[in-house]
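One letter stands for each residue in the lines below.
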Amino acid sequence: MRTMTDYEKDLDELLKDPEFAAGYLTAAIDEDDRDALLLAMRRVAQAMGGMTAVAERAHIKRENLYRTLSRKGNPELRTFHNIIHGLGLKLAIVPDRG
């Protein structure tokens, strides 16, 4: 297992805060890059207790969570919703003011 850098440790601590995690994932979504979003979701999952804990809360198998959030992952909307719920967050649609 590799060691985390100070940046990663700091980010991990920040991502434990649901408000920060929500903003982090929203920024990843705004990038319009699937790989960036899946990476952000993996990082949040690790900060929120790890993949096993998130998988249990999302009511999906841990292996499926790893597969879904991998670089080759392509989650269906239902799975995406379950994972977001497992992270202690919820999806919301807001007006595009940009």
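The structure under discussion appears in the preceding block.
**Some thoughts on the nonpolar core**
In terms of nonpolar packing, the biggest core is built from 23 residues, with L25, M41, V44, L65, L69, I84 and L87 touching the most fellow members. Elements that contribute at least two residues to this core include exactly α2 (18-30), α3 (34-47), α4 (51-58) and α6 (77-86).

**So, α6**
Those residues of α6 not exposed but buried are F80, I83, I84 and G86. Looking straight down α6, one finds that the buried residues subtend no more than 160° of arc, so they occupy a single side. Turned more than 90 degrees away from the buried face of α6, the exposed residues are L77 and R78. Within two residues after α6, G88 carries a phi angle of roughly 80°, on the positive side.

**A look at the packing of aromatic side chains**
With the rule as written, the count across this model stands at one aromatic pair. On the basis of an interplanar angle of 20° and a centroid distance of 6.5 Å, the ring pair of F20 and Y24 is categorised as stacked. Placement of the pair is F20 and Y24 together in helix α2, with a separation of four residues, close to one helical turn. Of the residues examined, F20 reaches a relative accessible area of 32% and is grouped as partly exposed.

**Focus: the layout of surface pockets**
In this model, the largest pocket occupies a volume close to 460 Å³. Taken together, 16 residues line the largest pocket, and the ones lying closest to its centre are T26, I29, A92, I93 and V94. Sorting the residues of the lining of the largest pocket by element identifies α2 and α6 as the ones contributing at least two each. Tallying contributions element by element places α2 first for the lining of the largest pocket, with five residues. Its residues assigned to classes, the lining of the largest pocket shows twelve nonpolar, one polar and three charged.

**Section: the environment of I29**
Tracing the backbone through its elements, the reader meets I29 in helix α2. In this structure I29 comes out as partly exposed when scored by relative accessible area, which is 45%. Taking the C-alpha atoms as reference points, I29 and L14, 15 residues apart in sequence, are found 18 Å from one another.

What counts, and at which threshold
- Residues numbered from 1 in each chain as written.
- Predicted model: local features only at pLDDT ≥ 70, side-chain atom pairs only at ≥ 80, totals over all residues.
- Heavy atoms only, no water.
- Core = buried A, V, L, I, M, F, W, Y, C linked by side-chain atoms within 4.5 Å.
- Buried < 20%, exposed > 50% of the residue type's maximum accessible area, 1.4 Å probe, protein only.
- Helix = DSSP H or I, 4+ residues; strand = E, 2+ residues; numbered from the N terminus.
- Arc of directions from axis to C-beta.
- Phe/Tyr/Trp six-rings, centres within 6.5 Å; stacked < 30°, edge-to-face > 60°.
- 1 Å grid on protein atoms, 1.4 Å probe; cavity = no way out; pocket = protein on both sides within 12 Å on 5 of 7 lines; lining within 4 Å.
- Points joined across faces, edges and corners; volume = space filled by probe spheres on them.
- Nonpolar A, V, L, I, M, F, W, Y, C, P; charged D, E, K, R; others polar.

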